[in-house]
Amino acid sequence: MASLALPLAAVGEVGEGFIQERTGQVCQQKPSHLFCWDWARENIDRYGTPTLQQLELVAISVVLGFIVAFGLALLAHRRRWLRPPLLAGTGVLYAIPSISFFLLLLPITGRSRETAIIALSAYTLQIIFRNVTVGLDNVPASAKDSARGMGMTERQVLWRVEIPLATPEIVGGLRIATVSTIAIATLAVFVHAGGLGTQIYGEANLHFPTSILISIVIVMVMAFFFDAILLTIQYFATPWRRARAS
Amino acid sequence: MSEAQATSESQPQPGASSVSYEGASKRYGNSDALAVDQLTLEVPAGEICVLVGPSGCGKTTAMRMVNRTVEMTEGDIRIGDESVRDKDPARLRREIGYVIQQIGLFPHRTIAENIGAVPQLLGWKKERTRARTAELLELIGLDPELGERYPAQLSGGQQQRVGVARALAADPLVMLMDEPFGAIDPISRERLQNEFLRLQAQVRKTVLFVTHDIDEAIKMGDRIAIMKEGGKVEQYATPAEVLMAPATEFVEDFVGADRALKRLALMRVADIDLWEAPLAYVGQATAEVRAKLAEPDVEVPYPLLVDGERRPLGWLSERDLRAETVPARPDSPLGPLLDRADVMRDALADLLQGEAQYAAVVDHEGRIDGVLSVEIISEFLKSPEAKTEEHSAVERPHG
């Protein structure tokens, strides 16, 4: 049973019945048989809740990560000396192997959704921070000079000139962060936070990958969906970039 | 001071204030050297003062101390009666137009939004801003439809015009222009300079204009402050004075050896006595034209073909005159066509570029006024008049 080298905290949710269901009458287990349509048809409703949980985890984590990283980037924009330490700090977080990050948090925050959200948000920081910083750096100096010269306060320069002009990079960071969070969020199952991981990391799936494949497809559709939304937002938020081509 | 400036000063300047530097200095950090050294000069309301000098002479710093984008370390600058030190920098800057070489339009805002930027900061009502924007687009000669475009969709010249319009939007007391035409190709630059002078004739702002180009300074300035490394003003005078009587060796070197030629930049075609060409009309008997040519005091040896409105069409050749009547299509093209209001230096350039000896000069309605020749110009340059007398052409902007 414990042939899987993962901590099988999640397996409890799936249980013995699950394995039987899969190897029962509906679909015979064959090594060559990667995907069992009959099983998929009969069990598709078991993915509803995990998908919603996954969506929720991703949305909360990305929004939280964005708020923190954006705030830090603005801080580092004003106080340049903060940039190297912040870049290094978020970089270290990003470098922690994902599963170990979740497990490291376990003793502190326990098996909870919060644990998953903390870890997932932490992973977005580096990408968003870096992109916001680059975006603000790329704002033409002449636009800032004329903004100050015409009497904008520093705050007005930031919100009316710098941030709008950094939008493409900021949204670009959000897109990468969102897609990677959607993928990593499957690991939330190891801290009992639900999500599609519940349908992926089960011992039975080693011999019967149908559920893994279904989950992957859902994750990919989700990633595609979020990316499309963000691209649409960027499209409407940056009309001047389209004008350039015409 | 020339007569012309006296007249311009006698006019009231409701929308402009004088700018007085009172011993204003700038030292960057702990540097030993001053960037601007005890600058004291007064720019009367409604005049263009050009700060000119080699790079590193502190001209831009001197200009930027006015809107406090550079804070002076000593002394004071007054706009009208008020010290710039007494105002909040952001508020101060909203009363001062600002144009820079890189233009600095906001790429994410439409042309209309760019022009309306300062009114927006001042909290104008939308209607008022919109009306003002439309007015300015017309003033700078841009199609109102361009108001909806983004800066990247405009040419460099159009963008620079928008930059000037944006600076004028809230009717500032003073305009600061930092090498505004420096990044524009020479041909467009000349057009933009002329346009700005025409604009200035209407708006009469007090302008501080920074350039490293002495020719531009001579052309644009009512007064020129020539600065030297270390932020010292070597001479502050009218362009004519600077050319005729350079105060120091530095000024003489900076102005260059071709001072007489440069004075052409201060004259307009209308300021010189033009020659008269024998005029010929389409269908006129060529015998009559030949008779005119034979007159003893004829100044131009070629007949100029004009239409019924006396608008020049071209020059008639010997072969044209061999026919019975004057043909509708002359043998030689018109060549360079000058306007009475053209600056003499540009007119000479047109003559040389067109490899023409003569150029027809027309008035503002396009009717023939006379003929300018290379000879007239070279006679003028040789005359003592060129070195001594002031010319009415210093009266700029003309209008």
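Residues numbered from 1 in each chain as written. Chains lettered and ligands numbered in written order. Predicted model: local features only at pLDDT ≥ 70, side-chain atom pairs only at ≥ 80, totals over all residues.

Caption draft 1: Layout of the interface of chain A and chain B. Between chain A and chain B, the residue contacts involve 16 residues of the former and 21 residues of the latter. A total of 6 residues in the side of chain A that touches chain B trace back to one element, the largest contributor, which is helix α7 (residues 141-149) of chain A. Split by residue class, the side of chain A that touches chain B holds 8 nonpolar, 5 polar and 3 charged. (Contact = placed C-beta atoms within 7 Å. Helix = DSSP H or I, 4+ residues; strand = E, 2+ residues; numbered from the N terminus. Nonpolar A, V, L, I, M, F, W, Y, C, P; charged D, E, K, R; others polar.)

Caption draft 2: Highlighting the packing of α7 of chain A against helix α8 (residues 154-184) of chain A. Residues and elements named next belong to chain A. Between α7 and α8, the shortest axis-to-axis distance is 10 Å and the interhelical angle comes to 165°. Considering their axes alone, α7 and α8 lie roughly antiparallel with respect to each other. As for the relative orientation of α7 and α8, their crossing is right-handed in sense. Mapping the contact onto sequence places A143, K144, A147 and R148 in α7 and V157, V161, E162 and L165 in α8. Grouping the amino acids of the contact of α7 with α8 by side-chain chemistry returns 5 nonpolar, no polar and 3 charged. (Axes fitted to C-alpha atoms, helices over the stretch in contact; angles between N-to-C directions. Parallel < 35°, antiparallel > 145°, perpendicular 65-115°, else oblique. Left-handed = near helix turned anticlockwise from the far one by under 90°.)

Caption draft 3: Up close: the packing of helix α5 (residues 98-109) of chain A against helix α6 (residues 113-137) of chain A. All names here are of chain A. Viewed as axis vectors pointing N to C, α5 and α6 meet at an angle of 135°, and their least axial separation amounts to 9 Å. With respect to their mutual orientation, α5 and α6 come out oblique. Where α5 crosses over α6, the two elements pack in a sense that is right-handed. In contact with F101, F102, L105, L106 and T109 of α5, α6 contributes E114, T115, A116, I118 and A119. Along the lines of polarity and charge, the residues of the contact of α5 with α6 split into 7 nonpolar, 2 polar and 1 charged.

Caption draft 4: Structural detail: the pairing of strand β4 (residues 74-79) of chain B. Residues and elements named next belong to chain B. Pairing between strand β1 (residues 19-26) and β4: 5 bridges, direction antiparallel. Residue S20 lies in a different strand from β4, and its bridge partner there is R78. Bridge count between β4 and strand β5 (residues 82-83): 2 bridges; the pairing is antiparallel. Across the sheet, R78 pairs through a bridge with S83, a residue of β5. Connecting the antiparallel pair β4 and β5 is a turn made up of 2 residues, with G80 showing a positive phi of about 65°. (Pairing = 2+ DSSP bridges.)

Caption draft 5: Spatial organisation of the domain arrangement of chain B. Annotation of chain B at the domain level lists domain 1 (3-261) and domain 2 (270-386). Here the C-alpha centroids of domain 1 of chain B and domain 2 of chain B sit 39 Å apart. (Domains from an automatic or database assignment.)

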